[in-house]
Amino acid sequence: MSLLEVRDLSISFSTSHGLFRAVNGVNLTIERGEIFGLVGETGCGKTVTGLALMGLISSTGRVTASRLSLDGLNLLSTRNWQNVRGRRISMIFQDPAACLNPTFTIGQQLSHVIRYHFHLDSAATHHRAVELLNDVGLSDAAHTLRTYPHQLSGGMQQRVMIALALASGAELLIADEPTTALDVTIQSQILRLLKSLRDKHTLTIILITHDLGVVAHTCDRVAVLYAGSVAETSSTVDLFRNPKHPYTQGLLGAMPRHGTRGKPLLAIEGSLPSGINPSVGCPFAARCPLVMKICRTDNPTLTPTENAHAIACHLY
Ligand code: SF4
């Protein structure tokens, strides 16, 4: 059984301008122990999908799905949400400084989470906190436990956030742009850490990013989101070797690579369509260099091809 199954996930928000459709019928299947990339440009629905998987959509939002299950557990039931949020599924965000409480030490914040989930005594809680900080590569754990968030670098803060996310014993970690605010060296360290935690703890990770370089180095499989829908999904290797959807081809063409010095990068002209009163047909039609007549009237569905590759495009 797959760890996470998502079928026909749609998320919309009531706004003063009308109903904003952020996500439209997303299907995802996440296998245990894999790192799955959700990639796309800003506003394509990546983060809101992650928040829906955590049950964290605000009261102005409406989430519908025909299936949303973790290890067979139906997440569409409110009671089940309470049992899994933070316990079996955890989430880390782009800006760790904004997520950590500046008025408590790292030790107080970690201890709070450990005690809440495991009801351990003080000595066992301290031991577990040290173990978690060691796991995320903070070797001087005893010292780190006494520090406040502002005394740590951005990379150390993100390691603490990962420790907090793992403190509940979570089996699925949703990492929303976890390296975007970090410099390149630290970014690479955090990505290596996520991979080593996956291997050591059989953690499953959904990595939300706009950076295809991060996907290439970290993810086993990937889904490319466009305007709230999955445009293409496949193994990472297959996506980079054989991108099929014109949007994916555009994203890869816009990416700087070794050996392309002196050649201009491609740009995808135009911008994402509005989520309010979206037009009929393919959501990429207004920007697609290969647009056909049918694309203006019929929205393509995600269709499997060879090698577990699936594309939502009338060309296939
Ligand atoms: Fe382009 Fe048509 Fe394919 Fe959409 S369905 S990506 S407009 S070719």
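All of these numbers come straight from a predicted model, not from anything done at the bench. (Residues numbered from 1 in each chain as written. Predicted model: local features only at pLDDT ≥ 70, side-chain atom pairs only at ≥ 80, totals over all residues. Heavy atoms only, no water.)

Regarding empty space enclosed by the protein
How we decide: Whether a set of points on the 1 Å grid over the protein atoms alone is a cavity depends on a 1.4 Å probe fitting there but being unable to get out, while an open set qualifies as a pocket with protein on both sides within 12 Å along at least five of seven lines; lining residues are those with an atom within 4 Å of a point. Grid points are joined across faces, edges and corners, and a volume is the space filled by probe spheres set on the points. Throughout this entry, Asp, Glu, Lys and Arg are counted as charged residues, while Ala, Val, Leu, Ile, Met, Phe, Trp, Tyr, Cys and Pro are counted as nonpolar. The remaining residues, Gly among them, count as polar.
As enumerated under the stated definition, the model contains one cavity of 30 Å³ or more in all. Within this model, the largest cavity holds a volume of roughly 90 Å³. Residue classes in the lining of the largest cavity are distributed as 13 nonpolar, two polar and no charged.

Description of the packing of helix H4 (residues 106-118) against helix H5 (residues 122-135)
Our working definition: Lines fitted to the C-alpha atoms define the axes, with helices restricted to the stretch that makes contact. Angles between their N-to-C directions range from 0 to 180 degrees. Working definition: helices are DSSP H or I runs of at least four residues, strands are E runs of at least two. Numbering for both runs from the N terminus. Throughout, a crossing is termed right-handed when the near helix is turned clockwise from the far one, and left-handed when it is turned anticlockwise from it by less than a right angle. Contacts are assigned to residue pairs that have any heavy atoms within 4.5 Å of one another.
Running from N to C, H4 and H5 cross one another at 115°; their axes reach a closest spacing of 9 Å. Between H4 and H5 lies a crossing of right-handed hand. Each of Leu110, Ser111, Ile114 and Arg115 in H4 lies in contact with H5, whose residues at this interface are Ser122, Thr125, Arg128, Ala129, Leu132 and Leu133. Partitioned by chemical class, the residues of the contact of H4 with H5 number five nonpolar, three polar and two charged.

Here we look at the sheet that holds strand E7 (residues 89-92)
Rule in force here: Here, a strand pair is defined by DSSP locating no fewer than two bridges between the strands.
Sheet architecture is open: eight strands sit in the order E7-E8-E9-E3-E10-E11-E13-E12, paired in mixed fashion. Two strands close off the open sheet at either side, each with one partner strand: E7 and strand E12 (303-304). As judged from the five bridges shared by strand E3 (residues 35-39) and strand E9 (residues 204-209), these two strands associate in the parallel manner. Within E9, the residue paired with Gly37 across the bridge is Leu207. Contacting E3, E7, strand E8 (172-176), E9 and strand E10 (221-226), helix H1 (residues 46-54) crosses the sheet at an angle of about 145° to E7.

Re the domain arrangement of the protein chain
Accessible area lost when the parts come together is the quantity often used to give the size of an interface. Definition in use: Start and end positions for the domains come from either an automated domain assignment or a database one. A 1.4 Å probe defines the accessible area here, and the buried area is the portion of it lost by two parts on being joined, summed over both. Here a salt bridge means any side-chain nitrogen of Lys or Arg lying within 4 Å of a carboxyl oxygen belonging to Asp or Glu. Under the rule applied, a polar contact is a pair of N or O atoms within 3.5 Å (in protein, one hydrogen donor and one hydrogen acceptor; residues adjacent in sequence only if both atoms are side-chain atoms).
Here the protein chain is described as being made up of domain 1 (4-88 + 171-185 + 200-273) and domain 2 (99-169). For domain 1 and domain 2, the distance between their C-alpha centres works out to 28 Å. At the interface, nine residues of domain 1 touch 10 residues of domain 2. It is Arg87, Leu173 and Leu182 in domain 1 that bury the most area against domain 2; as a group they hold 50% of the surface buried on that side. The tally of links from domain 1 across to domain 2 stands at one salt bridge. Residue Asp135 pairs with Lys200 through a salt bridge whose shortest N-O separation is 2.8 Å. Put simply, domain 1 and domain 2 have five residue pairs in polar contact (both at pLDDT 80 or more) between them. When the residues that make up the side of domain 1 that touches domain 2 are grouped by side-chain class, the tally is four nonpolar, two polar and three charged.

Things to note about unusual backbone geometry
Note the cut-off: The buried label applies to any residue whose accessible area, calculated with a 1.4 Å probe on protein chains only, is under 20% of its type's maximum; exposed applies above 50%, and partly exposed to all values in between.
At His119, a residue that is not glycine, the phi angle is positive and equals roughly 50°. Secondary-structure assignment places His119 in the loop between H4 and H5. Unlike most non-glycine residues, Ala227 shows phi in positive territory, near 50°. When you line up the elements, Ala227 lands in the loop between E10 and strand E11 (229-235). Overall, the relative accessible area of 17% leaves Ala227 in the buried class.

Remarks on the pairing of E11
Among the seven residues of E11, six are classified as buried, and the element is accordingly described as predominantly covered. Judged from the six bridges that link them, E10 and E11 form a sheet pairing that is antiparallel. The partner of Arg221 across the bridge, within E11, is Ser235. Linking two consecutive strands that pair antiparallel, namely E10 and E11, is a turn of two residues; a positive phi of about 50° is found at Ala227 within it. Taken together, the two bridges between E11 and strand E13 (residues 310-311) define a ladder with antiparallel strand orientation. When the bridges of E13 are listed, Thr233 appears paired with Ala310.

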